Amino acid sequence: MCASERDTPASMVGRVSLIFEAFGPDDDGLGVRELARRTGLATSTVSRIVRELVEHKFLEHAGPDVRIGLRFFELGERAARPQQLRRLALASMSDLRSATRQTVHLAVLDGTDVVYVTKLRSRTAPPLGSRVGGRLPAHTTAVGKALLAFAGDEAVDRVIETGLRPLGPATITDPARLRAELDTIRETGIAYETEESGPDVACAAAPVVHRTGKPIAGLSISTRLGEVDVSSLGPAVRTAAIALGRQAARMPSLTGSAWARLG
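Not measured: the values here are computed from a predicted model.

**Q** Tell me about helix α7 (residues 153–162), residues and numbers included.
**A** What α7 keeps buried is the set Ala 155, Val 156, Val 159 and Ile 160. Here the buried residues of α7 occupy an arc of 135 degrees about the axis, which is enough to place them on one side. Along α7, exposed side chains directed more than 90 degrees from the buried face belong to Asp 153, Glu 154, Glu 161 and Thr 162. Close packing links the buried residues of α7 with α6 (142–151) and α8 (175–188). Following α7 by one or two positions, Gly 163 has its phi on the positive side, about 110 degrees.

**Q** Describe helix α2 (residues 32–39), with residues and values.
**A** Residues that lie three or four places apart on an α-helix share one face, since the helix turns once every 3.6 residues. The set of residues buried in α2 consists of Leu 35, Ala 36 and Thr 39. Taken down its axis, α2 places every buried residue within 100 degrees of arc, on the same side. Away from the buried face of α2 by more than 90 degrees, exposed residues Arg 33 and Arg 37 are located. In this structure, the buried residues of α2 make contact with α1 (12–21), α3 (43–55) and β2 (65–68). Within two residues after α2, Gly 40 carries a phi angle of roughly 80 degrees, on the positive side.

Conventions adopted
Residues numbered from 1 in each chain as written. Predicted model: local features only at pLDDT ≥ 70, side-chain atom pairs only at ≥ 80, totals over all residues. Heavy atoms only, no water. Buried < 20%, exposed > 50% of the residue type's maximum accessible area, 1.4 Å probe, protein only. Helix = DSSP H or I, 4+ residues; strand = E, 2+ residues; numbered from the N terminus. Arc of directions from axis to C-beta. Contact = heavy atoms within 4.5 Å.

Okay, structure coming up:
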């Protein structure tokens, strides 16, 4: 193994994962050398893996570069959890968007991040930087804090141990302050964000809670700072999240033991 690969995964699956993770949201395509630089893998290793991924349509050529291929998205669309969540939540999300005229998100907790499962963009509100399939550190978003508040001490400890790196002008970077805010969220059932995930972003969120008390997802209403009083959005998103939790309770596939171990 060459020196550049000493800290990279030994397994093929691990190396393939590194290659997929190297693609950012704004990358239209990446060359083999750039993939090698981002992953720490040898250029010859990347070239060999890329060739096989292109053959199986997980990557596709984009001029001299490669990009994520259609097969990758086809398989992603079959993932049961996001699909079930989307189907269940879309009506509630649509009602929220109509009532508030703001952008509505559905997200889940994945380790120390939140992953956006569905986004209904407002037709009148300014565009936001979030995207379906995108992820952000949980401590930087209202929906992430809503999920963390009900995910248990281990999930919160893991986020703090990873480091509360700032993303926006007002990101919470002090562990004691984060824990205090999560205590408040547990009491009210509503989380707020003001410029924590980025400049000019404001948000209200609430957890969709499993009958065991664990969150299975989070709903949020996002807007640009100054567009609307974000505190007025809290009760609406909380009411929608409670109703969604009651619907989920009637679906065993969304409320089984695996869902109760989020975070």
